[in-house]
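# Chain and residue survey
Each chain, letter by letter, is given below.
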Amino acid sequence: MSSHSLNYLDELEAEAIYVLREVHAQFQNPVILFSGGKDSILVTHLARKAFYPCKIPFAFMHVDTGHNFPETIAFRDQLIAELDAELIVGSVQESIDQGRVSEEKGKHATRNALQITTLLDAIEENRIDCAIGGGRRDEEKARAKERFFSHRDDFGQWDPKNQRPELWHLFNGQHFEGEHFRVFPISNWTEMDVWNYIKRENIAIPSLYLAHVREVVWRNDSWIPASEFLKLDENETIEQRKIRFRTLGDITITGGIESDSDTLEKVVAEVSVMRHTERGNRSDDKRSETAMEDRKKQGYF
């Protein structure tokens, strides 16, 4: 990697660390939203750097849909134990059992939108005033509208037309009781930046990001993993393919791509020639042109 690239990664790292330290300075009870995906893992690594040699001064929050990749949950538990951190888990299944949300039906049913209620309930119950996420502006057009400090009203909703200016990296975290902020320290990173940094720092990631043989079904232009939650049509068949995942969500909606990239070096090379967003294989984003923005306005990540 060239010295120019290294310097650019150093600048992105410094910016993210500055944002994380601003969160610590301005908020009373922040959490890191942790999904087990590469971006939340990256934010966690940056938080370790930001406050070293002290422990990360934030708890972690995971919204558990009950439809996770087993590898993701195993990675989460191992990392939380290593960090000796507090983990707050919001359960979508509990939200369903309590009648707070209703399970979707049918072949394309997903619990993705149900996370909104579970997340907002967990934020209110634990009196969270700031939730730090791994969203990046290059992921999706709705993400591109976010500020670093993204205000949420007392209903947990986001108004993209009413955001606070952030001139010269001056952040305004003032809010009324019941309101909170979402903060995105890696907003200016691209997928390529993330992988170059993971490679440079030798950050551990779930094996799902590296190519391996898995049982999958071709659906909605993606290879969807076979699981106990997947309902097959009579014309669908389970195949074995060597795939990897560019982004991780529920096992029911996360599509893989055929790939031979089984090392970080190969992943970096593969991503460098791709011309479509990593969320192009997420079936929840294909429901409508404004699927992501609609969910975000309701309180999604």
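Presented here is an overview of the structure given in this document. If you're wondering where the values come from, they're calculated on a predicted model, not measured in any experiment. In every chain, residue numbers begin from 1 and rise along the written sequence. Per-residue local features are limited, in this predicted model, to residues with pLDDT of at least 70; the limit for side-chain atom pairs, both in listing and counting, is 80 or more; totals at the level of whole chains, interfaces and linings are taken over all residues. To get the side-chain values, take all heavy atoms of the structure and skip hydrogens and water.

### Considerations on the pattern of salt bridges
Quick note on the threshold: What makes a salt bridge here is a side-chain nitrogen of Lys or Arg within 4 Å of a carboxyl oxygen of Asp or Glu, nothing more. Think of it in three bands: with a 1.4 Å probe and only protein chains considered, a residue is buried below 20% of the maximum accessible area for its type, exposed above 50%, and partly exposed in between.
Summed over the entire model, instances satisfying the criterion amount to 24 salt bridges. For Glu146, the salt bridge is made with Arg152, and the minimal N-O distance between the two is 3.5 Å. A relative accessible area of 4% means that Glu146 is categorised as buried. When its relative accessible area of 0% is taken as the criterion, Arg152 is described as buried. Between Arg200 and Glu201 there is a salt bridge, with its nearest N and O atoms 3.1 Å apart.

### Re the environment of Ile257
So the rule is basically this: Numbering of helices and strands starts at the N terminus; helices are DSSP runs of H or I of at least 4 residues and strands are runs of E of at least 2.
Following the sequence through the fold, Ile257 ends up in strand S10 (residues 257-258). By relative accessible area, which is 13% here, Ile257 ends up buried. Separated by 36 residues in sequence, Ile257 and Asp221 place their C-alpha atoms 9.7 Å apart.

### Structural notes on the layout of surface pockets
To keep things clear, this is the line we draw: Only protein atoms enter the calculation, which uses a 1 Å grid: trapped sets of points that fit a 1.4 Å probe without letting it out are cavities, open sets showing protein on both sides within 12 Å along at least five of seven lines are pockets, and any residue with an atom within 4 Å of a point is a lining residue. Grid points are joined across faces, edges and corners, and a volume is the space filled by probe spheres set on the points. When residues are grouped by polarity, Ala, Val, Leu, Ile, Met, Phe, Trp, Tyr, Cys and Pro land in nonpolar, Asp, Glu, Lys and Arg in charged, and all others, Gly among them, in polar.
Estimated volume of the second largest pocket: approximately 310 Å³. Ile123, Arg127, Ile128, Gly178 and Glu179 are the residues nearest the centre of the second largest pocket, which is lined by 16 residues in total. The leading source of residues in the lining of the second largest pocket is helix H5 (residues 115-125), at three residues. Classifying every residue of the lining of the second largest pocket by side-chain character gives five nonpolar, four polar and seven charged.

### A word on the sheet that holds strand S5 (residues 149-152)
The test is simple: For two strands to count as paired, DSSP must find a minimum of two bridges between them. Between N-to-C directions, angles cover 0 to 180 degrees, with each direction set by a line fitted to C-alpha atoms, over the stretch in contact for helices. By the convention used here, residues are in contact when the closest approach between their heavy atoms is within 4.5 Å.
Sheet architecture is open: six strands sit in the order S3-S2-S1-S4-S6-S5, paired in mixed fashion. Looking at the sheet topology across the chains shown, the edges are occupied by strand S3 (87-91) and S5. Within this sheet the neighbouring strands show an average axis-to-axis angle of 30 degrees, counted without direction. As judged from the three bridges shared by strand S1 (residues 30-33) and strand S2 (residues 59-64), these two strands associate in the parallel manner. Following the sheet pairing, Ile32 is matched in S2 by Phe60. Strands in contact with helix H2 (residues 38-51) are S1, S2 and strand S4 (130-132); relative to S1, the strand with the most contacts, it is inclined by about 135 degrees. Packing against the sheet, H5 makes contact with S1, S2, S3 and strand S6 (180-183), and its axis sits at approximately 150 degrees to S2.

### Points about the packing of aromatic side chains
For the record, the criterion: Stacked, edge-to-face and tilted are the three classes for Phe, Tyr and Trp ring pairs, Trp counted by its six-membered ring, which pair at centre distances within 6.5 Å; planes under 30 degrees apart are stacked, over 60 edge-to-face, the rest tilted.
All told, the structure shown has twelve aromatic pairs when counted by the stated rule. Between Trp195 and Tyr209, the ring centres sit 5.5 Å apart and the planes meet at 75 degrees, which makes this aromatic pair edge-to-face. Placement of Trp195 in helix H6 (residues 191-201) and of Tyr209 in the loop between H6 and strand S7 (212-219) is noted, with a sequence separation of 14 residues between them. Each of the two residues, Trp195 as well as Tyr209, counts as buried.

### Section: the nonpolar core
Put simply, the rule reads: In plain words, nonpolar cores are sets of buried Ala, Val, Leu, Ile, Met, Phe, Trp, Tyr and Cys residues tied together by side-chain atoms within 4.5 Å.
Counting 52 residues, the largest nonpolar core has Leu20, Phe149, Trp189 and Trp195 as the members making the most contacts within it. The set of elements that each furnish at least two residues to this core consists of helix H1 (3-26), H2, helix H3 (70-83), S4, S6, H6 and helix H7 (264-272). Beyond its immediate sequence surroundings of up to four residues, Trp189 is in contact with Leu12, Glu13, Ala16, Leu42, Leu46, Arg136, Asp138, Val194 and Tyr197. With 15 residues, the next largest nonpolar core counts Met61, Val101, Ile123 and Ala131 among its residues.

### Section: the sheet that holds strand S9 (residues 239-244)
Pairing is antiparallel in the open sheet, where four strands are placed in the order S8-S7-S9-S10. Of all strands in the sheet, those bounded by a partner on one side alone are strand S8 (222-225) and S10. Bridge count for S7 against S8 is four bridges, and the pairing is antiparallel. Of the residues in S8, the one forming a bridge with Val216 is Pro225.

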